[in-house]
Amino acid sequence: MPHVDLMAGPPPTHLPEDPAAAELEAGASPAAVVRSHPESPIAWATLAEQARDAGADDVTVYAYSRVGYHRSLDMLRRNGWKGHGPVPWEHEPNRGFLRALALLALSARAIGENAEWERCSEFLRDSSPAAYDALLG
């Protein structure tokens, strides 16, 4: 019988390609992409980034980020994620989730939701140290 490492963590989660990514890359507006792909974490994260960059109210950015985060959790679970474990930044389709999580952390801090800032920034670091460095570091 082979040796099983009981201390090993779960394997990395690799999300499937998100069809919304190609539309965004082709220049479609994030709002239009959200309308055609409301399940897409990358669409919601891009909409949140666009709103932030345009000077939208922090509450608006928070709301878009929260939707992207929750859509991400749904997608992660459908792809075998059990509530923890690595979600590598290096795997491009994971970036929608990681960007939404970072934006949720930042916008939570901006509206004074410090407990959520702490929880989300720690979740990002635990999911992908590389994403944490790239997005919050």
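This structure is a prediction, so every number in the text was calculated from the model and none was measured.

Student: So, the overall build of the protein chain: which residues are in play, and what are the values?
Tutor: Secondary structure assignment for the protein chain yields 7 helices and 0 strands. Written out in order from the N terminus, the α and β elements of the protein chain read α-α-α-α-α-α-α. For the protein chain, the C-alpha radius of gyration of 15 Å lies close to 14 Å, the compact-globule estimate for 137 residues. Long-range contacts, defined here as pairs at least 24 residues apart, represent 60% of the contacts in the protein chain between residues at least 6 apart. By element, 55% of the accessible surface of the protein chain is carried by carbon and sulfur atoms, the whole surface being about 7,500 Å². Averaged over its 12 positive side-chain charges, the protein chain has a centre that lies 4 Å from the centre of its 19 negative ones.

Student: Go over helix α3 (residues 41-53) with me, naming the residues and quoting the values.
Tutor: With 13 residues, α3 extends 18 Å from end C-alpha to end C-alpha; this agrees with the ideal 18 Å at 1.5 Å per step. Of all 13 residues making up α3, 10 are buried, and the element is well covered by its neighbours. Looking only at α3, the buried set comprises P41, I42, A43, W44, A45, T46, L47, A48, E49 and A51. At its buried positions, α3 is contacted by α1 (19-25), α2 (30-36), α4 (58-78) and α5 (95-110). At the C-terminal side of α3, G55 shows a positive phi close to 85°.

Student: Let's hear about the packing of α4 against helix α6 (residues 114-127): which residues, and what values?
Tutor: Following both chains from N to C, one finds α4 and α6 inclined at 45°, their axes separated by 14 Å at the closest point. One way to sum up the angle between α4 and α6 is to call them oblique. Considering the relative orientation of α4 and α6, their crossing is left-handed. Here Y62, R66, Y69 and L73 of α4 lie close against α6, whose contacting residues are E116, R119 and F123. Broken down by class, the residue content of the contact of α4 with α6 amounts to 4 nonpolar, no polar and 3 charged.

Student: Let's hear about the packing of aromatic side chains: which residues, and what values?
Tutor: Inspection of the entire model under this criterion finds 4 aromatic pairs. Judged by centre distance (6.0 Å) and plane angle (25°), the rings of W81 and F123 are stacked. On the criterion of sequence distance, the pair formed by W81 in the loop between α4 and α5 and F123 in helix α6 is long-range, its members being 42 residues apart. Among the aromatic residues, those joined into a cluster by ring pairs are Y69, W81, F97 and F123. Taking NZ or CZ as reference, R109 lies 4.2 Å from the ring centre of W117, over its face. The lysine or arginine in question, R125, covers the ring of Y132, its NZ or CZ lying 4.1 Å from the ring centre.

Student: Residue-level account of the nonpolar core, with values.
Tutor: Core analysis: the largest hydrophobic core is formed by 23 residues, its most contacted members being L76, F97, L101, F123, L124 and L136. Listing elements by their share of this core, those giving two or more residues are α4, α5, α6 and α7 (129-135). With 7 residues, α5 is the largest single contributor of residues to this core. Once residues within four sequence positions are removed from consideration, L136 is found in contact with A102, A105, L106, W117, S121, L124 and A131. Membership of the second largest hydrophobic core comes to 8 residues, among which are A20, L24, I42 and L47.

Calculation notes
Residues numbered from 1 in each chain as written. Predicted model: local features only at pLDDT ≥ 70, side-chain atom pairs only at ≥ 80, totals over all residues. Heavy atoms only, no water. Helix = DSSP H or I, 4+ residues; strand = E, 2+ residues; numbered from the N terminus. Rg over C-alpha atoms; globule rule 2.2 N^0.38 Å. Contact = heavy atoms within 4.5 Å. Areas by Shrake-Rupley, 256 points an atom, 1.4 Å probe, with all protein chains shown as cover. Lys, Arg positive; Asp, Glu negative; His and termini not counted. Charge placed at Lys NZ, Arg CZ, Asp CG, Glu CD. Expected span 1.5 Å × (residues − 1). Buried < 20%, exposed > 50% of the residue type's maximum accessible area, 1.4 Å probe, protein only. Axes fitted to C-alpha atoms, helices over the stretch in contact; angles between N-to-C directions. Parallel < 35°, antiparallel > 145°, perpendicular 65-115°, else oblique. Left-handed = near helix turned anticlockwise from the far one by under 90°. Nonpolar A, V, L, I, M, F, W, Y, C, P; charged D, E, K, R; others polar. Phe/Tyr/Trp six-rings, centres within 6.5 Å; stacked < 30°, edge-to-face > 60°. Lys NZ or Arg CZ within 6 Å of the ring centre and 35° of its normal. Core = buried A, V, L, I, M, F, W, Y, C linked by side-chain atoms within 4.5 Å.

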